[in-house]
There are 2 protein chains.
Amino acid sequence: MSDTTPEGWTEQGRPPALFRRFVFSCYADTRAFLDRIAAVQEALGLAPQNISFGTTYVNVTIAAADGALGDAERTLAQRIAAAAEGTVA
Amino acid sequence: MSDTTPEGWTEQGRPPALFRRFVFSCYADTRAFLDRIAAVQEALGLAPQNISFGTTYVNVTIAAADGALGDAERTLAQRIAAAAEGTVA
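Residues numbered from 1 in each chain as written. Chains lettered and ligands numbered in written order. Predicted model: local features only at pLDDT ≥ 70, side-chain atom pairs only at ≥ 80, totals over all residues. Heavy atoms only, no water.

Chain A has the name Pterin-4a-carbinolamine dehydratase in an unreviewed UniProt entry, where Tepidimonas ignava is given as its organism.

Next comes the structure, spelled out in structure tokens:
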């Protein structure tokens, strides 16, 4: 099951990446989520390739570190999604 | 002079916006800059339309609130640029 796309994420092809958009009802929730993403990536030693955000949304792109998505990228995706639970609009 | 594009920023046309890319030598500097941007926008009550970042860069887009760029947007741009001073790579 390790090659399954994490629930809620979109897998992109070239280059391989996982993408997900998170929407929040206010800036405070957006900001709190960004702080939790930072904590997750520091804990895992792996960062999303790009995080693009505005006042009430955060788009996260996780790229494959070595040409193909692996357990590390999927774990990062799942941990980030878990960090948004309960606060997404 | 209030209609001058802030130094280091690119002014875009449709829709009107100010754009600037900041590059850092490490994630810690990137992260510190993001925290300072948050403090600036909370102090001014005005946020960039979009902030897109990776481990060592931050792209900032400041959109016109009401159809045209004004002093508020230029002040936000200048305060954000000042927050990066001394840490950009």
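From this point, the narrative continues.
Novice: Which residues make up the pattern of salt bridges, and what are the values?
Specialist: One pass over the full model with this rule turns up four salt bridges over all chains. Its salt-bridge partner being D35(A), residue R31(A) comes within 3.7 Å of it at the nearest N-O pair. Taken as a pair, R31(A) and D35(A) lie in helix α1 (residues 27–44) at a separation of four residues, close to a single helical turn. A cluster of three or more residues bridged by salt bridges with shared partners is formed by R31(A), D35(A), R31(B) and D35(B). (Salt bridge = Lys/Arg side-chain N within 4 Å of Asp/Glu carboxyl O. Helix = DSSP H or I, 4+ residues; strand = E, 2+ residues; numbered from the N terminus.)

Novice: An account of the packing of α1(A) against helix α1 (residues 27–44) of chain B is needed here, citing residue identities and associated values.
Specialist: Between α1(A) and α1(B), the least distance of the axes is 13 Å, while the angle of their chain directions is 170 degrees. Classed by the angle they form, the pair α1(A) and α1(B) counts as roughly antiparallel. Residues Y27(A), R31(A), L34(A), D35(A), A38(A), Q41(A) and E42(A) of α1(A) pack against Y27(B), R31(B), L34(B), D35(B), A38(B), Q41(B) and E42(B) of α1(B). Here the residues of the contact of α1(A) with α1(B) are counted per class, giving six nonpolar, two polar and six charged. (Axes fitted to C-alpha atoms, helices over the stretch in contact; angles between N-to-C directions. Parallel < 35°, antiparallel > 145°, perpendicular 65-115°, else oblique. Contact = heavy atoms within 4.5 Å. Nonpolar A, V, L, I, M, F, W, Y, C, P; charged D, E, K, R; others polar.)

Novice: With reference to specific residues and values, describe the relation of the copies chain A and chain B.
Specialist: Structural alignment of chain A on chain B gives an RMSD of 0.0 Å, achieved by rotating through 180 degrees and translating 0.0 Å along the axis. The relationship between the two copies is best expressed as a two-fold rotation axis. Residues of chain A ranked by C-alpha distance from the rotation axis are headed by S52(A), positioned 2.0 Å from it. An overlap of 100% is found between the interface residues of chain A and their copies at the interface of chain B, pointing to a shared contact surface. (Least-squares fit on C-alpha atoms with pLDDT ≥ 70 in both.)

Novice: Give me the sheet that holds strand β4 (residues 57–63) of chain A: which residues, what numbers.
Specialist: Spatial ordering of the open sheet is given by β1(A)-β2(A)-β4(A)-β3(A)-β3(B)-β4(B)-β2(B)-β1(B), a layout of eight strands whose pairing is antiparallel. The open sheet has two edge strands with one neighbour each: β1 (10–12) of chain A together with β1 (10–12) of chain B. Averaged over all pairs of adjacent strands, the angle between their axes in this sheet comes to 20 degrees, without regard to strand direction. As defined by bridge partners, strand β3 (residues 50–54) of chain B adjoins strand β4 (residues 57–63) of chain B across five bridges and the pair is classed as antiparallel. Its bridge partner lying in β4(B), S52(B) is registered against N59(B). Sheet strands in contact with α1(A) are β2 (17–23), β3 (50–54) and β4 of chain A, and its direction is about 20 degrees off that of β4(A). In this fold α1(B) packs onto β2 (17–23), β3 and β4 of chain B, with an angle of close to 20 degrees to the strand it touches most, β4(B). (Pairing = 2+ DSSP bridges.)

Novice: Which residues make up the packing of α1(A) against helix α2 (residues 71–84) of chain A, and what values do they have?
Specialist: Residues and elements named next belong to chain A. Running from N to C, α1 and α2 point in directions that differ by 150 degrees, and their axes come no closer than 9 Å. Taken together, the axes of α1 and α2 are roughly antiparallel relative to one another. Like other packed secondary-structure pairs, α1 and α2 cross with a definite hand, here right-handed. For the pair α1 and α2, contact is made by F33, R36, I37, V40, A43 and L44 and by T75, L76, R79, I80, A83 and A84, respectively. (Left-handed = near helix turned anticlockwise from the far one by under 90°.)

Novice: Give me the side chain of E73(A): which residues, what numbers.
Specialist: Residue and element names in this part refer to chain A. In this structure, E73 sits in helix α2. Although E73 lies buried, it forms no salt bridge, and the closest oppositely charged side chain, R74, sits 6.1 Å away as judged by the N-O distance. Setting aside anything within four residues of it in sequence, one finds E73 in contact with L18, L46, I62, A63, A64, A65 and A68. (Buried < 20%, exposed > 50% of the residue type's maximum accessible area, 1.4 Å probe, protein only. Lys, Arg positive; Asp, Glu negative; His and termini not counted.)

Novice: Let's hear about the interface of chain A and chain B: which residues, and what values?
Specialist: Taken together, the contact pairs 16 residues of chain A with 16 residues of chain B. Summed over both partners, the interface of chain A with chain B buries about 1200 Å², with 38% contributed by carbon and sulfur atoms. Here chain A and chain B share two salt bridges between them. For the pair chain A and chain B, the interface holds 14 residue pairs in polar contact (both at pLDDT 80 or more). Put simply, the parts of the chain that give the side of chain A that touches chain B at least two residues each are α1 and β3 of chain A. Among the elements that line the side of chain A that touches chain B, the one with the most residues is α1(A), at seven residues. Residue composition of the side of chain A that touches chain B, by class: seven nonpolar, six polar and three charged. Bridge count between β3(A) and β3(B): three bridges; the pairing is antiparallel. Among the inter-strand pairings, S52(A) is bridged to a residue of β3(B), identified as S52(B). (Buried area = accessible area lost by both parts, 1.4 Å probe. Polar contact = N/O pair within 3.5 Å; in protein donor to acceptor, adjacent residues only side chain to side chain.)

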